[in-house]
2 protein chains.
Amino acid sequence: MAKIVVLGAGVMGTALCVPAAENNHAVLLVGTPLDGDIVTAMRLPGGVHPKLDDALSDNVETIPFDALRSDHLGDADYIIVGVSSPGIVWVTDVLNRLMTVARPVAFVTKGLVSAGSTVSTYAQTLPSRIPMMSAFIGIGGPCIARELANRLPTASIYACEDISIAEQFAATMATDYYRLSITTDVTGVEACAALKNFFAIGVSAMQTGYPDQKRADGQSKNPTAAAFTQASLEMARLCERLGGDSATAFGLAGLGDLHVTVGGGRNSRLGHGLGTGRSVLDVLSSDLFGETVEGVDTARALETMVPEKSSSEGEAPHYFPLASAILDAVIRQKLFSLDFSRLVVR
Amino acid sequence: MAKIVVLGAGVMGTALCVPAAENNHAVLLVGTPLDGDIVTAMRLPGGVHPKLDDALSDNVETIPFDALRSDHLGDADYIIVGVSSPGIVWVTDVLNRLMTVARPVAFVTKGLVSAGSTVSTYAQTLPSRIPMMSAFIGIGGPCIARELANRLPTASIYACEDISIAEQFAATMATDYYRLSITTDVTGVEACAALKNFFAIGVSAMQTGYPDQKRADGQSKNPTAAAFTQASLEMARLCERLGGDSATAFGLAGLGDLHVTVGGGRNSRLGHGLGTGRSVLDVLSSDLFGETVEGVDTARALETMVPEKSSSEGEAPHYFPLASAILDAVIRQKLFSLDFSRLVVR
């Protein structure tokens, strides 16, 4: 039996408590300053997370952030960070303030960090900023939190430079319904987790861009399949440029997570709006007002890495027609347009 | 301007006439003995294919098979075979009877041929059987015929051992909406085209196997994404065993075509039935009575290549849990069951 502390009581942090508790570990779920209402709701007898369907089991204790003590973290075998990307600064501060014993930390939180012309993943930037983190573990793969919390079959991938730590943590968390691959390509997993949000915008735009009234879902299929394939290929190239292994993009962290992200969630809703000829400002200021669309943050970080449209017509590995079209729409505020007449999927 | 003969007036053969005619080539569309009603309908003034939305342009002439003459084939720059797999024997016979001049032949028709423990693609078996075929061209990628006929963005891949022939044929056929990649991996394209039907059965079974009443389409997403990823990985391994390049499975011919095949068509309908706990005999004898389900033919050919479930728990490249589950259901007539509790996607 292990002790696990989960920082962040959003849907993903909370969902990860389910397999952990199923394996009889003692789990402490810690709300962030923004999770006050969630923590209050969950601490009631039989309390349920407002966005999930069922209560957690008795071996999960939910507390607010100001009840978190240094010894909670010192006693933990694993710390899981489940905040969304804007919360990463808060988490870094909390860990540096309260960690007195070196511990492995696993991150659900994803993002790309750009400094000048260098783009990095959290796997590259966080270890030096959190000195007491003994190992950085990246969690990737196609996982809708509510489905994991409902014990539906879910496959994910855990990445750590030290494969034995990834293996131990996977053995700690795996259940019959939560199946885990492991890899040392932590940079690749982190890169793909951020990239898939970005590419989901473009693939989703192709879903609504070519309506077909003879189909139940109203969408043509050939344009989406072409874009999904192209997204996988470009994701592999960008993954490699960011320091990861291109093969990671063809597994759970890449095309697997892209598959689940297209057709659901905020990145996809932005894409669906762009595909019908609306501008990014229009969609972000109405349907998605006040919401974090992580693919937009990824777009900002990628801007320097992907050549502008006019220069994106070379051969692989320099060919990024879909990424260019997404950047044109999201950053340069043009209407979304994948120039299909010049596309060669490769 | 080229001359193109298309053998088979099904939806795919007919749809390929659209970009060919758009490029001002002279196209002769030849019905098979089973296409009598189609040919009659299309030869009326303004006649439309019964399963498509619009009439073909004037530079396409539709004729019945008994009007096909030797000089039609001798004059053609390219012959395209668009029959379904049961028609391949008929086509081979027609070509051998009427071809007197060596010509390149492009095949939409796909299938695996098993002889003893050897499994081959048409790219390997047909060249020696059709002596007047100067080059075998394989056509792959995600292409729903009706969408191509409606000039919707469609990306496909043309494969020929002689890359210059693939390039010339692609230049002949490409339009603004029909974009073509080329490759020399003809065996890989042919293998993937057959394999994607097979794997679409399993991925589609995972779509209906875990209902979610809170979603518009009623389907959970994590199980499908896990299965789609696993299908891509197993397709790459089988592609390699069949003599192709595993990278082909991660492009248009592989995961691209799988993407379009899951959720539509007969293979997917079989999978949807299996996913709800029905037997293969039940689904094939009711919903799909009298129809050709090409993934079932692929399953028969693969039976000797994939180890039985009990021995499918090794490491890659010998790990085929999804293929085993599909074979168990389709060939061994068990209820479909992907043993998720032992799955490691890799």
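If you're wondering where the values come from, they're calculated on a predicted model, not measured in any experiment.

Visitor: Give a description of the overall build of chain A that names residues and reports values.
Guide: Of regular secondary structure, chain A possesses 15 helices and ten strands. Each principal axis of the C-alpha distribution contributes one length, and for chain A these read about 60 × 40 × 35 Å. Evaluated residue by residue, chain A yields a buried proportion of 60% over its 346 residues. Nonlocal contacts in chain A, meaning residues at least 24 apart in sequence, comprise 69% of its contacts between residues at least 6 apart. Summed over its atoms, the accessible surface of chain A is roughly 12900 Å², and 51% of this surface lies on carbon and sulfur atoms. Here chain A contributes 26 positively and 36 negatively charged side chains, and the mean placements of these two sets differ by 5 Å.

Visitor: I'd like a rundown of the interface of chain A and chain B, residues and numbers included.
Guide: Counting from both sides, the interface comprises 45 residues of chain A and, opposite them, 45 residues of chain B. Approximately 3700 Å² of surface area, both sides summed, lies buried where chain A meets chain B, with 59% of it carried by carbon and sulfur atoms. Among the residues chain A hides against chain B, the three largest losses belong to Pro153(A), Arg179(A) and Asn222(A). Together they make up 17% of the total. If you look at where chain A meets chain B, you find six salt bridges. Residue Glu147(A) is joined to Arg215(B) by a salt bridge in which the shortest nitrogen-to-oxygen separation is 3.7 Å. Taken together, the elements giving at least two residues each to the side of chain A that touches chain B come down to α6 (145-149), β9 (154-159), β10 (178-183), α9 (222-241) and α11 (252-261) of chain A. The leading source of residues in the side of chain A that touches chain B is α9(A), at nine residues. Class assignment of the residues belonging to the side of chain A that touches chain B gives a composition of 23 nonpolar, eleven polar and eleven charged.

Visitor: Give a description of the UniProt feature "domain: Glycerol-3-phosphate dehydrogenase NAD-dependent N-terminal" (unreviewed entry) in chain A that names residues and reports values.
Guide: UniProt annotation of "domain: Glycerol-3-phosphate dehydrogenase NAD-dependent N-terminal" (unreviewed entry) refers to residues 3-164 of chain A when read in the numbering used here. Annotation note: span residues 3-164 of chain A, helix share 32%, strand share 28%, distance between end C-alpha atoms 18 Å.

Visitor: Quick one: what's the story with the domain arrangement of chain A, residue by residue and with numbers?
Guide: Residues and elements named next belong to chain A. The domain boundaries assigned to chain A delineate domain 1 (3-184) and domain 2 (187-342). Each partner contributes to the interface: domain 1 provides 30 residues, whereas domain 2 provides 20 residues. If you sort the residues of domain 1 by the area they bury against domain 2, Lys110, Leu112 and Pro142 come out on top, with a joint share of 30%. In this structure, the connection of domain 1 to domain 2 is made through one salt bridge. Here domain 1 and domain 2 share three residue pairs in polar contact (both at pLDDT 80 or more) between them. Elements with a minimum of two residues in the side of domain 1 that touches domain 2: β6 (112-115), β7 (118-121), α5 (122-129), β8 (133-140), β9 and β10.

Visitor: Describe the sheet that holds β8(A), with residues and values.
Guide: Residue and element names in this part refer to chain A. With mixed pairing, eight strands are arranged side by side in an open sheet as β3-β2-β1-β4-β5-β8-β9-β10. Every interior strand has two partners, whereas the edge strands, β3 (60-63) and β10, have only one. Neighbour-to-neighbour, the strand axes of the sheet open up by a mean angle of 25°, direction not taken into account. The pairing of strand β1 (residues 3-7) with strand β2 (residues 26-30) spans five bridges and is classified as parallel. Paired with leucine 7 across the strands is valine 30, a residue of β2. Across the sheet, helix α2 (residues 36-43) lies against β2 and β3, angled at about 135° from β3, the strand it touches most.

Visitor: So what's going on with the relation of the copies chain A and chain B? Residues and values would help.
Guide: Laying chain A over chain B is done by rotating through 180° and shifting 0.0 Å along the axis; what remains is an RMSD of 0.0 Å. What the rotation and shift describe, once combined, is the action of a two-fold rotation axis. When each C-alpha of chain A is compared by its distance to the rotation axis, Phe250(A) comes out closest, at 3.5 Å. Most of the interface of chain A is mirrored in chain B: 100% of its interface residues are interface residues there too.

Visitor: Account for the sheet that holds strand β5 (residues 103-107) of chain B, naming residues and giving values.
Guide: Residues and elements named next belong to chain B. Read across the open sheet, the eight strands follow the order β3-β2-β1-β4-β5-β8-β9-β10; overall the sheet is mixed. Single-partner strands in this sheet number two, and they are β3 (60-63) and β10 (178-183). Here the strands of the sheet are splayed against their neighbours by 25° on average, with no regard to which way each runs. Pairing of strand β4 (residues 78-81) with β5, which is carried by three bridges, proceeds in the parallel orientation. Following the sheet pairing, valine 81 is matched in β5 by phenylalanine 107.

Visitor: So what's going on with unusual backbone geometry? Which residues, and what values?
Guide: Even without glycine at this site, Asn24(A) takes up a positive phi of about 70°. Within the element layout of this structure, Asn24(A) appears in the loop between α1 (11-22) and β2. Using a relative accessible area of 52% as the deciding quantity, one classes Asn24(A) as exposed. Its identity as a non-glycine residue notwithstanding, Arg151(B) has a phi of 60°, on the positive side. For Arg151(B), the position within the fold is in the loop between α6 (145-149) and β9 (154-159).

Rules of the game
- Residues numbered from 1 in each chain as written.
- Chains lettered and ligands numbered in written order.
- Predicted model: local features only at pLDDT ≥ 70, side-chain atom pairs only at ≥ 80, totals over all residues.
- Heavy atoms only, no water.
- Helix = DSSP H or I, 4+ residues; strand = E, 2+ residues; numbered from the N terminus.
- Buried < 20%, exposed > 50% of the residue type's maximum accessible area, 1.4 Å probe, protein only.
- Contact = heavy atoms within 4.5 Å.
- Areas by Shrake-Rupley, 256 points an atom, 1.4 Å probe, with all protein chains shown as cover.
- Lys, Arg positive; Asp, Glu negative; His and termini not counted.
- Charge placed at Lys NZ, Arg CZ, Asp CG, Glu CD.
- Buried area = accessible area lost by both parts, 1.4 Å probe.
- Salt bridge = Lys/Arg side-chain N within 4 Å of Asp/Glu carboxyl O.
- Nonpolar A, V, L, I, M, F, W, Y, C, P; charged D, E, K, R; others polar.
- UniProt positions renumbered as here; feature names shortened; annotations may be inferred.
- Domains from an automatic or database assignment.
- Polar contact = N/O pair within 3.5 Å; in protein donor to acceptor, adjacent residues only side chain to side chain.
- Pairing = 2+ DSSP bridges.
- Axes fitted to C-alpha atoms, helices over the stretch in contact; angles between N-to-C directions.
- Least-squares fit on C-alpha atoms with pLDDT ≥ 70 in both.

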